[in-house]
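# Analysis of the macromolecular model
Now for the letters of each chain:
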2 protein chains.
Amino acid sequence: MFSKACEYGIKASIFIAINSFENKRVSPKEISEEIDSPTAFTAKILQALVRHNIIDSVKGAYGGFEIDKKRISSIKLSQIVNAIDGDKIYKGCGLGLHTCGEEHPCPVHDKFKVVRTELKDMLENTNLEELALDIKSGVAFLKI
Amino acid sequence: MFSKACEYGIKASIFIAINSFENKRVSPKEISEEIDSPTAFTAKILQALVRHNIIDSVKGAYGGFEIDKKRISSIKLSQIVNAIDGDKIYKGCGLGLHTCGEEHPCPVHDKFKVVRTELKDMLENTNLEELALDIKSGVAFLKI
DNA sequence: TTTAATTAGGACAAAATTATCTTAATTAAA
DNA sequence: TTTAATTAAGATAATTTTGTCCTAATTAAA
Ligand code: SF4
Ligand code: SF4
């Protein structure tokens, strides 16, 4: 469904959000330990998220990754997915015809677009805050 | 969403079904031309579909790939997907935790399972016959 | 039975994704 | 200003996926 990079990106963002609520910055090492991902690879993904203005980085002593508290509730899952996997999950799908769409559909188009639309809506209507709260409350987990 | 191999497998199965309705066997070359896929790679996928008893192969002169006409309407999209991509699309999903499920969900589980279930139901309720008919009637396309 | 046609299978190659390592650039604190 | 801490970036490697090629096995027809 999503690439590994995207999975790590989502989990990392959630962990950063949790810590940002407590005014703490976190390092790639802490993040990768918490979300059970390879550290250096995770660091690359964090760079991409910074470039896409989803998270912020502060270099130097006492630096790390953070998200402005006020923005956490406005960051949608779709932004993270889009930053890392691009828009193929919304556009190219099903049988991956080069030219697809209503006028030139592949055989599964009608059935597929229902699912795709639901996925899109879900990603666009889920924000980082609610995901972070589920972790804090112990309702959901980031690893194992 | 699906692997390339799976996309090719679905399209190939549809093309074989169309021809089987007319009692024609088709070769990997014809198939790959019709679905715009690499021939040798497609041949590998056809082998896998044969091993999974989704399509049949006949060697020698006038041989090729076919599907028993009577079975076409009973072959579900889910069988093809499962034969090539396995069950990860139903089981592992979302954030890909090693141990997932209701008792140990990842943060997106509740939202994700709705989409996943819908995808599963769609795949299990779509059969090769209806897809083949859409191609024959010119409503849908296999390439470009 | 021989032959030609055809799928099956294995070895190999290319490309994409995932992962690691080293060094550079930056920055806050001392 | 110097230093230590930290992210950024680039080079490289491992793995997986995708794709190619050659030969073997099978089989129907001649
Ligand atoms: S025709 Fe529809 S289902 Fe098929 S690849 Fe295009 S957008 Fe996806
Ligand atoms: S917890 Fe649910 S959504 Fe998350 S990986 Fe497991 S099955 Fe998928």
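The following refers to the structure shown. (Residues numbered from 1 in each chain as written. Chains lettered and ligands numbered in written order. Predicted model: local features only at pLDDT ≥ 70, side-chain atom pairs only at ≥ 80, totals over all residues. Heavy atoms only, no water.)

DNA strand D sits among 28 residues. The nearest are A:K44, A:S57, A:G64, B:Y8 and B:P38. When the atoms of DNA strand D within 4 Å of the protein are grouped by moiety, sugar and phosphate amount to 69% of the total. Contact between DNA strand D and B:K4: a phosphate oxygen at 3.0 Å from a main-chain N or O atom of the residue. Side-chain polar atom of B:Y8 to a phosphate oxygen of DNA strand D: 3.1 Å apart, as the coordinates give it. Looking at the surface near DNA strand D, the elements that each hand over two or more residues are α3 (39-51), β1 (56-58) and β2 (64-66) of chain A together with α1 (4-21) and α3 (39-51) of chain B. Take the surface near DNA strand D: its biggest share by element is four residues, from α3(A). When its residues are assigned to classes, the surface near DNA strand D shows 14 nonpolar, eight polar and six charged. (Near = heavy atom within 4 Å. Polar contact = N/O pair within 3.5 Å; in protein donor to acceptor, adjacent residues only side chain to side chain. Helix = DSSP H or I, 4+ residues; strand = E, 2+ residues; numbered from the N terminus. Nonpolar A, V, L, I, M, F, W, Y, C, P; charged D, E, K, R; others polar.)

With that out of the way, let us pick up the relation of the copies chain B and chain A. Mapping chain B onto chain A calls for a screw motion: a turn of 180 degrees about the axis and a shift of 0.0 Å along it, with 0.0 Å RMSD after fitting. One copy is carried onto the other by what is essentially a two-fold rotation axis. In terms of C-alpha distance to the rotation axis, chain B has B:M1 as its closest residue, with the C-alpha 2.4 Å off the axis. Taken together, the interface assignments show that 100% of the residues at the interface of chain B recur at the interface of chain A, consistent with an identical surface on both copies. (Least-squares fit on C-alpha atoms with pLDDT ≥ 70 in both. Contact = heavy atoms within 4.5 Å.)

Enumeration according to the criterion identifies 16 salt bridges over all chains in this entry. The closest approach of N and O atoms between B:K24 and B:E22, which form a salt bridge, is 3.4 Å. You can call B:E22 partly exposed: its relative accessible area is 41%. A network of salt bridges, in which partner residues are shared, links A:E102, A:D110 and A:K113. (Salt bridge = Lys/Arg side-chain N within 4 Å of Asp/Glu carboxyl O. Buried < 20%, exposed > 50% of the residue type's maximum accessible area, 1.4 Å probe, protein only.)

With that settled, consider the protein's contact with DNA strand C. Around DNA strand C sit 28 residues, and of these A:K4, A:Y8, A:P38, B:K44 and B:S57 come closest. In DNA strand C, atoms within 4 Å of the protein come from the sugar-phosphate backbone in 67% of cases. At 3.1 Å, a side-chain N or O of A:Y8 approaches a phosphate oxygen of DNA strand C. Here a sugar or linking oxygen of DNA strand C sits 3.3 Å away from a polar atom, N or O, in the main chain of B:G60. Only α1 (4-21) and α3 of chain A together with α3, β1 (56-58) and β2 (64-66) of chain B provide two or more residues apiece to the surface near DNA strand C. Among the elements that take part in the surface near DNA strand C, α3(B) stands out by supplying four residues, more than any other. For the surface near DNA strand C, the residue count by class is 14 nonpolar, eight polar and six charged.

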